[in-house]
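Survey of secondary and tertiary structure
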Amino acid sequence: MIDRTEYYAAKLAYETDASDVYAALPAEDGIVIIDVRSDEAWAQGRVAGATHMHYSEIADRAPAEIPAGSAVVVYCWSPGCNAGAKGALEFAKLGYAVREMIGGFEYWVREGYPVEDADGVHRRPVDPLTGIARIRSRA
């Protein structure tokens, strides 16, 4: 039976969340964020600065496009989507240090982090159920 501390340490080694990814962006050299969704989903919006690589293309494209030793974070739509796990598996098979962003693009958007689409980079309002909503005083 696995020890609880081992379980949670292992879980954190393979998963991350939107707030931790956002916090790591300015500080962590070499972090590569990969959107593993379809072309149509990518066009609707993505994590600002992400690279689009459908999970079915990773085995062929990643070795040529993602430097070995890169810290890779993959994401899909939401907690109801397993494409992130499929993408993480493909990167792991290639030997990359990869983590899946739990909550996916849905929680990235709901927490108010930068989103990119054909109109540029912008932020959507923070959902107070998932992110910290800053309340402005009326004074």
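Residues numbered from 1 in each chain as written. Predicted model: local features only at pLDDT ≥ 70, side-chain atom pairs only at ≥ 80, totals over all residues. Heavy atoms only, no water.

**Re the overall build of the protein**
- A tally of helices and strands in the protein yields six helices and eight strands.
- Secondary structure of the protein in N-to-C order comes out as α-β-α-β-α-β-β-α-β-α-β-α-β-β.
- In terms of overall dimensions, the protein is globule-like: its C-alpha atoms have a radius of gyration of 16 Å, near the 14 Å expected for 139 residues.
- Here the C-alpha coordinates of the protein stretch approximately 55 × 45 × 30 Å along the principal axes.
- Looking at the protein as a whole, 38% of its 139 residues are labelled buried.
- Within the protein, contacts between residues at least 6 apart in sequence are counted, and of these 63% link residues at least 24 apart.
- Of the roughly 8500 Å² that the protein leaves accessible, carbon and sulfur atoms contribute 53%.
- Taking the average location of the 14 positive side-chain charges in the protein and that of its 21 negative ones, the two points are 7 Å from each other. (Helix = DSSP H or I, 4+ residues; strand = E, 2+ residues; numbered from the N terminus. Rg over C-alpha atoms; globule rule 2.2 N^0.38 Å. Buried < 20%, exposed > 50% of the residue type's maximum accessible area, 1.4 Å probe, protein only. Contact = heavy atoms within 4.5 Å. Areas by Shrake-Rupley, 256 points an atom, 1.4 Å probe, with all protein chains shown as cover. Lys, Arg positive; Asp, Glu negative; His and termini not counted. Charge placed at Lys NZ, Arg CZ, Asp CG, Glu CD.)

**Remarks on the nonpolar core**
- Val 47, Tyr 75, Met 101, Phe 105 and Trp 108 are the most contacted members of the largest nonpolar core, which totals 16 residues.
- Non-local contacts of Tyr 75, meaning those with residues more than four positions away in its chain, are made with Ile 33, Ile 34, Asp 35, Val 36, Arg 37, Arg 46, Val 47, Ala 50, Gly 84, Met 101, Gly 104 and Phe 105.
- Membership of the second largest hydrophobic core comes to 15 residues, among which are Val 32, Ile 34, Val 72 and Ala 83. (Core = buried A, V, L, I, M, F, W, Y, C linked by side-chain atoms within 4.5 Å.)

**Some points on the packing of aromatic side chains**
- In this structure the tally under the stated criterion is seven aromatic pairs.
- Judged by centre distance (4.7 Å) and plane angle (80°), the rings of Tyr 7 and Tyr 8 are edge-to-face.
- Look at Tyr 22 and Trp 108: their rings are 6.1 Å apart centre to centre, the planes differ by 70°, and that puts the pair in the edge-to-face class. One end of the pair, Tyr 22, is in helix 2 (residues 18-24); the other, Trp 108, is in helix 6 (residues 104-110), with 86 residues separating them in the sequence. (Phe/Tyr/Trp six-rings, centres within 6.5 Å; stacked < 30°, edge-to-face > 60°.)

**Concerning the pattern of salt bridges**
- A full pass over the atoms with the stated rule returns six salt bridges.
- Of the charged contacts, one joins Asp 127 and Arg 110 as a salt bridge, the two residues approaching to 2.7 Å between their closest N and O atoms. One end of the pair, Asp 127, is in the segment after strand 8 (120-122); the other, Arg 110, is in helix 6, and 17 residues separate them in sequence. (Salt bridge = Lys/Arg side-chain N within 4 Å of Asp/Glu carboxyl O.)

**With respect to the environment of Arg 37**
- Here Arg 37 is to be found in the loop between strand 2 (31-35) and helix 3 (39-44).
- Non-local contacts of Arg 37, meaning those with residues more than four positions away in its chain, are made with Trp 42, Gly 45, Arg 46, His 52, His 54, Tyr 75, Cys 76, Trp 77 and Phe 105.
- Polar side-chain contacts of Arg 37 include one of 3.5 Å to the backbone oxygen of Ala 41.
- Of the polar contacts made by the side chain of Arg 37, one reaches the backbone oxygen of Gly 45; its length is 2.6 Å. (Polar contact = N/O pair within 3.5 Å; in protein donor to acceptor, adjacent residues only side chain to side chain.)

**Quick look at the sheet that holds strand 5 (residues 71-75)**
- An order of 1-6-5-2-4 is seen for the five strands of this open sheet, with the pairing classed as parallel. Pairing within the sheet leaves two strands with one partner each, and these edge strands are strand 1 (15-17) and strand 4 (51-52).
- Bridge count between strand 2 and strand 5: five bridges; the pairing is parallel. The residue bridging Asp 35 from the neighbouring strand is Tyr 75, located in strand 5. (Pairing = 2+ DSSP bridges.)

Note that every value here comes from positions in space, so none of it alone points to a role or purpose.
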